[in-house]
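In case you want the letters, here they are:
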Amino acid sequence: MPDRFDLPAGFRWGVATAAYQIEGAVDEDGRGPSVWDTFCARPGAVRDGHTGAVACDHYHRWPEDIALMKDLGLDGYRFSLAWPRVQPTGTGPANPAGLAFYDRLVDALLAAGITPLPTLFHWDLPQALEDRGGWLNRDTAHRFADYAALAADRLGDRVPAWITLNEPFVHTVFGYALGIHAPGRALMFEALPAAHHQLLAHGLAATLLHDRGLDVLLSNNLTPVHPATPTPADLAAAHAYDTLHNRLFTDPVLLGRYPDLTPLGVPDDIYGAVHPGDLDLIHTPGLDGLGVNFYNPTRVAAPTDPALPFDLVDIPDVPHTTFGWPVVPEALTTLLLHLRDTYGTALPPLTITENGCSTPEPLDDPARITYLATHLDALATATTQGIDVRGYYTWSLLDNFEWAEGYHQRFGLVHVDFETQRRTPRASYAWYRRLIVAHRAPHAR
Ligand code: BGC
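Residues numbered from 1 in each chain as written. Predicted model: local features only at pLDDT ≥ 70, side-chain atom pairs only at ≥ 80, totals over all residues. Heavy atoms only, no water.

Peer 1: Quick rundown of the packing of aromatic side chains? Include the residues and the values.
Peer 2: For any pair of aromatic rings, the description consists of the separation of the ring centres together with the inter-plane angle of the planes. Across all of its chains, the model carries 30 aromatic pairs by this definition. Between the aromatic rings of Tyr295 and Phe411, the centroid separation amounts to 6.3 Å while the plane-to-plane angle is 85°, which identifies the pairing as edge-to-face. Residue Tyr295 is found in the loop between strand 7 (289-293) and strand 8 (298-301), and its partner Phe411 is found in the loop between strand 11 (389-395) and strand 12 (414-417); the two are separated by 116 residues along the sequence. Accessibility assignment for this pair places Tyr295 and Phe411 in one class, buried. Arranged with centres 6.3 Å apart and planes meeting at 75°, the rings of Phe401 and Trp403 form a pair that is edge-to-face. Trp403 shares its class with Phe401; the two are buried. Chaining the aromatic ring pairs together yields one cluster made of Tyr20, Trp36, Phe39, Trp123, Phe401, Trp403, Tyr407 and Phe418. Its end group placed over the ring of Phe101, Arg85 keeps NZ or CZ at 6.0 Å from the ring centre. (Phe/Tyr/Trp six-rings, centres within 6.5 Å; stacked < 30°, edge-to-face > 60°. Helix = DSSP H or I, 4+ residues; strand = E, 2+ residues; numbered from the N terminus. Buried < 20%, exposed > 50% of the residue type's maximum accessible area, 1.4 Å probe, protein only. Lys NZ or Arg CZ within 6 Å of the ring centre and 35° of its normal.)

Peer 1: Now, about the site of the ligand: what can you tell me, with residues and values included?
Peer 2: Around the ligand sit 13 residues, and of these Gln21, Glu167, Glu354, Glu402 and Trp403 come closest. Contacts to the ligand include Trp403, whose side-chain N or O atom sits 2.8 Å from an oxygen atom. Isolated, the ligand exposes 310 Å² of accessible area, and the fraction of that covered by the protein chains is 95%. Residue composition of the shell around the ligand, grouped by class: 6 nonpolar, 4 polar and 3 charged. (Near = heavy atom within 4 Å. Polar contact = N/O pair within 3.5 Å; in protein donor to acceptor, adjacent residues only side chain to side chain. Areas by Shrake-Rupley, 256 points an atom, 1.4 Å probe, with all protein chains shown as cover. Nonpolar A, V, L, I, M, F, W, Y, C, P; charged D, E, K, R; others polar.)

Peer 1: Help me get a handle on the nonpolar core, residues and values and all.
Peer 2: Membership of the largest hydrophobic core comes to 152 residues, with the highest contact counts inside it found for Trp36, Leu81, Tyr102, Phe144, Leu336, Leu379 and Tyr432. For this core, the element with the most residues is helix 9 (residues 192-211), which contributes 11 residues. When near neighbours in sequence (up to four residues on either side) are disregarded, Tyr102 contacts Ala19, Glu23, Phe79, Ser80, Leu81, Ala82, Arg85, Val86 and Leu155. (Core = buried A, V, L, I, M, F, W, Y, C linked by side-chain atoms within 4.5 Å. Contact = heavy atoms within 4.5 Å.)

Peer 1: Give me helix 3 (residues 58-72): which residues, what numbers.
Peer 2: Taking 1.5 Å per residue as the helical rise, helix 3 with its 15 residues ought to reach 21 Å, whereas the 18 Å between its terminal C-alpha atoms falls clearly short. If you look at helix 3, its biggest bend is around 40°, right at Glu64. (Expected span 1.5 Å × (residues − 1). Bend = angle between axes of the 7 residues up to and from the residue.)

Peer 1: Could you give an account of the sheet that holds strand 3 (residues 115-121), with specific residues and numbers?
Peer 2: Around the barrel, which closes on itself, the 8 strands sit in the order 1-2-3-4-5-7-10-11 with parallel pairing between neighbours. Across the sheet, the axes of successive neighbouring strands diverge by a mean angle of 25°, strand direction being ignored. Sheet topology note: the strand 7/strand 10 (residues 350-354) ladder contains 4 bridges and is parallel. Of the residues in strand 10, the one forming a bridge with Leu290 is Leu350. This element, helix 5 (residues 96-111), spans strand 2 (76-80) and strand 3 of the sheet and lies at about 170° to strand 2. (Pairing = 2+ DSSP bridges. Axes fitted to C-alpha atoms, helices over the stretch in contact; angles between N-to-C directions.)

Peer 1: Go over the side chain of Glu23, please, and point to the residues and values.
Peer 2: For Glu23, the position within the fold is in the loop between helix 1 (19-22) and helix 2 (35-40). Judged by its relative accessible area of 3%, Glu23 falls in the buried class. The residues touching Glu23, leaving out its near neighbours within four places in the chain, are Val54, Ala55, Asp57, His58, Tyr59, Ser80, Ala82, Arg85, Phe101 and Tyr102.

Peer 1: Talk me through the pattern of salt bridges; I want residue IDs and the actual numbers.
Peer 2: Under the criterion given, the structure shown has 23 salt bridges. Residue Arg143 pairs with Asp139 through a salt bridge whose shortest N-O separation is 2.6 Å. Here Asp139 and Arg143 lie together in helix 7 (residues 139-155), a separation of 4 residues that amounts to about one turn. With its nearest N and O atoms 3.0 Å apart, the salt bridge here joins Asp251 to Arg247. Note that Asp251 and Arg247 are positioned in helix 10 (residues 232-255) at a spacing of 4 residues, about one turn of the helix. For Asp251, a relative accessible area of 3% translates into the label buried. Look at Arg247 and you get partly exposed, because its relative accessible area is 25%. Via salt bridges that share partners, Asp103, Asp107, Arg154, Asp157 and Arg158 belong to a single interconnected network. (Salt bridge = Lys/Arg side-chain N within 4 Å of Asp/Glu carboxyl O.)

So yeah, pure geometry; function would need other evidence.
What follows is the structure, given as structure tokens:
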């Protein structure tokens, strides 16, 4: 595998994690329950009844984890703050012990030469807010802004850039439309107000982060969408899916408008959730960077169930990860070029805030090295065509709690034995470290 790609000078190397997937310590130091604690307790919700109660025990083992990151030679670490650690019920004053944890983490990262890149919301909503409707309740957007202010006021002197939300598409569709993630609501398209309220939360928080001189990013799960065949029915289905997965979340932020939602059978005011002035609140703050989480492209066919606008179908004749996801690296080039074609000068600089794959358990993980190398090659191809990509954060540092799959899908550069919490770097960890060293050497671009 190559250990050097044609990437711009100053390109930043990182890894990404999320609070509920690694921290554990769900009852400690005043943390309140989150929707994921509740969801995990629901029989059958998570494979084999796994929960994030202990996860990687990162809440106690963070010094060891930062040592692993320092040894990798990272520029940046993307992690998330657990909202219910900072505000146990999602409202009111900050829990001092919760903020103190992130304060220590930030100081230790900086001491290791690593720039912290926190995400404010990676799906672990305080349960008390869910009890009031969660993201279906417009008020949650205002509560999020209060929480963002508490976090920024404490850490903003040392943390230059913030990601407001992680993947509002996945949270809306898996959490509120299909019910396969917390909070486990299966509302189908009536879930879409949850999307709008997350975007509103982003806009409100972005304004106050900018007021404090901080940079703002938003991370979305983006996918190039291909029709299964060139028939008009498959093309229409692909257009509908692209509207839901990509444009519903990116157009309001970058262009200040929702896409035409009629292909989904949804009114453009998203069931009355969009109030006058909302799109300005979402769009006007602007973005200092768009976070792209990329895993795979999507192939779409006309629906077999007439109640739905599309069917998702497999991509044949390509490798698949242990999760069953198709591996199509050149789709990352396609995606990045498509973003530029779609948004032009409205597109801010990009950062790949997640990319990676699950592999079988062993420490030797050639499939991960191949996945990362081929995607970095695809990324370099896009940058040589003028796409401004500033950095790459691999998902993930550690094997961790993979949501509804529990501990069954392993995404880590570092293997975790969940019985002993022993961390053991995989072959991909050594490869990533060599890659970072190679890119630090002076080179042309
Ligand atoms: C999420 C991560 C998740 C990863 C792999 C992304 O959609 O942001 O939390 O672990 O994909 O499924």
